[in-house]
Amino acid sequence: MFIDCSEKERFIFAKIAHAAAQLETECYIIGGFVRDKILGRETADVDIVCLGDGIELAHATARLFHPQPRVSFFKNFGTAHIKVDDLDIEFVGARKESYRYHSRKPEVTPGTLEDDQQRRDFTINALAISLNPNNYGALIDPFEGIQALEAKMIRTPLDPDQTFSDDPLRMMRAIRFASQLRFFIEEHTWQGIQNNIERIHIISQERITDELNKILLSKKPSVGLDLLYQSGLLHIIFPQMIDLAGAEYKDGMGHKDNFYHTLQVVDNIAENTDDLWLRWAALLHDIGKPATKRFEEGHGWTFHGHEVVGGRMVPKIFARFRLPMDHKMRFVKKLVELHLRPISLTKENITDSAIRRLLFDAGDDIDALMTLCKADITSKNKQKVKRYLDNFEMVRYRLEAVEESDRIRNWQPPVTGEMIMEIFGLPPCKQVGDIKNAIRDAILDGEIENNYDAAYDFMLKTAKAFNLEPVK
Ligand code: CTP
């Protein structure tokens, strides 16, 4: 075989070939599986294309295995799926496609293998391996896909304007592959993307988000994010990111380009975590900056409160991208809100109390916060970077020491809101929250000890100031 397959894969492909022979049809392995095998990437998704009915071939293949895998199929699309061992195998008949302008759903008619190859998105995804007796295992590559793989090039088999107009999701895919594989996009193909960016509007948000997530999960996400920016696609799919771009100057004072700073932070964090949500936090950490930008005479540019404004933007952005509105969103929001805290502690104010507060506010997300914070150190000034890193290490050291002695991470104050309501006969109201916060602050600041008796006495004193007496 032209591609290097495991014993198991060979065995399964032989069965598919056998089933195709029974049906007197030709079949081929095609697309991403062939590409990834040649690149030496892990892959478990196999696409099989046959010159006939894909669903029939799936059933005939399934019958050759014991136990028989279940065949799930979509009659409307003419596709069928079976799972054998860890392989997800998708069957489809070779097709010619023509698209309607307002939809990415094509009119499908049966076609030859070459028709099928040329309707695919990129030449690197149009490679086929024969499973037929006359040339079993041979590569069929009419569009120079191998050359493109060697040159690390993304190019469409047809005129790019047609490929992208037919299915505009492919613009996102081109950029995603460029980011994932570190390939470049061939000039005409790149031009084709720029010509068609407006067509992205016909693509569902879920699919766009899926590609954006894949870009974020690539080894160096800035490659894809910058291509999205350069192509004009980012302006349409994520305008808030565009607001970060550029640097303004006044009285000879400028600020950094927050778009490229953000890209650097995302790349930095990608070296330390594969967690998608932590990468999202890096992407959004400064998203509140454009809205808070001010020029202060004699002082320069400031972005006061951008972490609070940014935190408030997170749920809206998650909703727009149809990302989960659950603990993952809350995690990203919290990190955006807290991202300045560790580094804003300078040597003089790294008190136990400041450290306890940070631990209390971050809770179990303290390690993620520290990872984000470290990634955020991007200055070109080496001395500044060194100062920040030293400071960062100091904070990390102190966090460990304080957590070791006080166990604040998952701590809750010894007097709860319910207790306060019961003791003073209060309904839920602001005073209850004020008293509770005062107790928490006193403990975190080390004013009183962290136990019930001390908290109770302090509560009585605080309540007196509000003219409150215990009811019993
Ligand atoms: N394809 C296409 N246009 C699309 C999506 C897919 O032409 N918009 C074709 C490509 O030939 C691709 C194959 O269908 O290789 C399988 O698609 P898919 O599984 O989505 O992508 P892969 O290329 O396998 O890559 P990945 O799994 O990383 O998405």
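Residues numbered from 1 in each chain as written. Predicted model: local features only at pLDDT ≥ 70, side-chain atom pairs only at ≥ 80, totals over all residues. Heavy atoms only, no water.

### Overview of the overall build of the chain
Okay, step 1: When helices and strands are tallied, the chain shows 24 helices and 15 strands.
Okay, step 2: Taken over the C-alpha trace, the chain has a radius of gyration of 29 Å; the compact-globule value for 472 residues is 23 Å, which it surpasses by more than 25%.
Okay, step 3: Referenced to the eigenvectors of the C-alpha coordinate spread, the extents of the chain come out at roughly 90 × 60 × 40 Å.
Okay, step 4: For the chain, the proportion of contacts with a sequence separation of at least 24, taken over those separated by at least 6, is 66%.
Okay, step 5: As presented, the chain carries roughly 23400 Å² of accessible surface, and 49% of it is formed by carbon and sulfur atoms.
Okay, step 6: Positive and negative side-chain charges in the chain, numbering 62 and 72 respectively, have mean positions lying 2 Å apart. (Helix = DSSP H or I, 4+ residues; strand = E, 2+ residues; numbered from the N terminus. Rg over C-alpha atoms; globule rule 2.2 N^0.38 Å. Contact = heavy atoms within 4.5 Å. Areas by Shrake-Rupley, 256 points an atom, 1.4 Å probe, with all protein chains shown as cover. Lys, Arg positive; Asp, Glu negative; His and termini not counted. Charge placed at Lys NZ, Arg CZ, Asp CG, Glu CD.)

### Digging into the site of the ligand
Okay, step 1: The full set close to the ligand counts 14 residues, and Arg 35, Asp 121, Asn 125, Asp 167 and Arg 176 are the nearest of them.
Okay, step 2: The backbone of Gly 32 places a nitrogen or oxygen atom 3.1 Å from an oxygen atom of the ligand.
Okay, step 3: With the chains in place, 74% of the 560 Å² that the ligand exposes on its own is no longer accessible.
Okay, step 4: Elements represented by at least two residues in the shell around the ligand include exactly helix H2 (32-39) and helix H7 (169-181).
Okay, step 5: When residues of the shell around the ligand are assigned to their parent elements, the largest contribution, four residues, is made by H7.
Okay, step 6: Within the shell around the ligand, the residues separate by chemical class into one nonpolar, three polar and 10 charged.
Okay, step 7: Each of domain 1 (7-151) and domain 2 (154-237) contributes no fewer than three residues to the shell around the ligand. (Near = heavy atom within 4 Å. Polar contact = N/O pair within 3.5 Å; in protein donor to acceptor, adjacent residues only side chain to side chain. Nonpolar A, V, L, I, M, F, W, Y, C, P; charged D, E, K, R; others polar. Domains from an automatic or database assignment.)

### A short note on the packing of aromatic side chains
How two aromatic rings sit relative to each other is given by the distance of their centres and the angle of their planes.
Okay, step 1: Under the criterion given, the structure shown has 15 aromatic pairs.
Okay, step 2: Pairing Trp 277 with Phe 318 gives two aromatic rings, centres 5.8 Å apart and planes at 40°, and the pair type is tilted. Of this pair, Trp 277 sits in helix H14 (residues 276-284) while Phe 318 is found in helix H16 (residues 306-320), placing the two residues 41 residues apart along the sequence.
Okay, step 3: For Trp 277, a relative accessible area of 15% corresponds to the buried category.
Okay, step 4: Put simply, the rings of Phe 238, Trp 277, Trp 280, Phe 318 and Phe 321 pair up and form one aromatic cluster.
Okay, step 5: The ring of Phe 303 has Lys 289 sitting right over it, with the charged end atom 4.8 Å from the ring centre.
Okay, step 6: Geometry around Trp 301 places Lys 293 over its ring, the cationic atom sitting 4.9 Å from the centre. (Phe/Tyr/Trp six-rings, centres within 6.5 Å; stacked < 30°, edge-to-face > 60°. Buried < 20%, exposed > 50% of the residue type's maximum accessible area, 1.4 Å probe, protein only. Lys NZ or Arg CZ within 6 Å of the ring centre and 35° of its normal.)

### Overview of the side chain of Ser 179
Okay, step 1: Checked against the element boundaries, Ser 179 lands in helix H7.
Okay, step 2: Leaving out residues up to four positions away in the same chain, Ser 179 has contacts with Ile 215, Ser 218, Lys 220, Pro 221, Val 223 and Gly 224.

### Points about the domain arrangement of the chain
Okay, step 1: We note that the domain assignment places domain 1 (7-151), domain 2 (154-237) and domain 3 (417-465) within the chain.
Okay, step 2: A straight line from the C-alpha centre of domain 1 to that of domain 2 covers 24 Å.
Okay, step 3: On the side of domain 2, 23 residues touch domain 1, which itself brings 22 residues to the contact.
Okay, step 4: Summing the contributions of domain 1 and of domain 2, the shared interface buries around 2000 Å²; its carbon and sulfur component is 57%. (Buried area = accessible area lost by both parts, 1.4 Å probe.)

### Things to note about the side chain of Glu 186
Okay, step 1: With respect to the element layout, Glu 186 can be found in the loop between strand E11 (184-185) and helix H8 (187-196).
Okay, step 2: Here Glu 186 occupies a buried position and makes no salt bridge, while the nearest side chain of opposite charge, Arg 155, is found at 5.2 Å.
Okay, step 3: Of the polar contacts made by the side chain of Glu 186, one reaches the side chain of His 188; its length is 3.0 Å.
Okay, step 4: Here Thr 189 takes part through its side chain, which lies 2.6 Å from a polar atom of the side chain of Glu 186.
Okay, step 5: When near neighbours in sequence (up to four residues on either side) are disregarded, Glu 186 contacts Met 153, Ile 154 and Arg 155. (Salt bridge = Lys/Arg side-chain N within 4 Å of Asp/Glu carboxyl O.)

### Some thoughts on unusual backbone geometry
Okay, step 1: Residue His 66 is joined to Pro 67 through a cis peptide bond whose omega torsion reads -5°.
Okay, step 2: Inspection of the secondary structure puts Pro 67 in the loop between helix H3 (54-62) and strand E3 (72-74).
Okay, step 3: Look at Glu 144: it is not a glycine, yet its phi comes out positive at around 55°.
Okay, step 4: Inspection of the secondary structure assignment puts Glu 144 in the loop between strand E9 (139-140) and helix H5 (145-151).

### So, helix H20 (residues 366-375)
Okay, step 1: With respect to burial, H20 is a largely interior element, seven of its 10 residues being buried.
Okay, step 2: Inspection of H20 places Ile 366, Ala 368, Leu 369, Met 370, Leu 372, Cys 373 and Ala 375 among the buried residues, and these make up the whole buried set.
Okay, step 3: If you follow the buried residues of H20, they end up packed against helix H13 (258-270), H14, helix H17 (327-338), helix H18 (341-344), helix H19 (352-362) and helix H21 (382-406).

### Quick word on the sheet that holds strand E8 (residues 128-130)
Okay, step 1: On the basis of which strands lie adjacent, the open sheet formed by seven strands has the order E3-E4-E5-E2-E1-E8-E9 and mixed pairing. Bordering the open sheet on either side are E3 and E9, each of which pairs with just one other strand.
Okay, step 2: The pairing of strand E4 (residues 79-84) with strand E5 (residues 87-93) spans six bridges and is antiparallel. Within the sheet, the bridge partner assigned to Ala 80 lies in E5 and is Phe 91.
Okay, step 3: Relative to strand E1 (residues 27-30), H2 is tilted by about 55°, and along the sheet it contacts E1, strand E2 (45-50) and E8.
Okay, step 4: Sitting on the sheet, H3 touches E1, E2, E3, E4 and E5, and the angle it makes with E4 is about 20°. (Pairing = 2+ DSSP bridges. Axes fitted to C-alpha atoms, helices over the stretch in contact; angles between N-to-C directions.)

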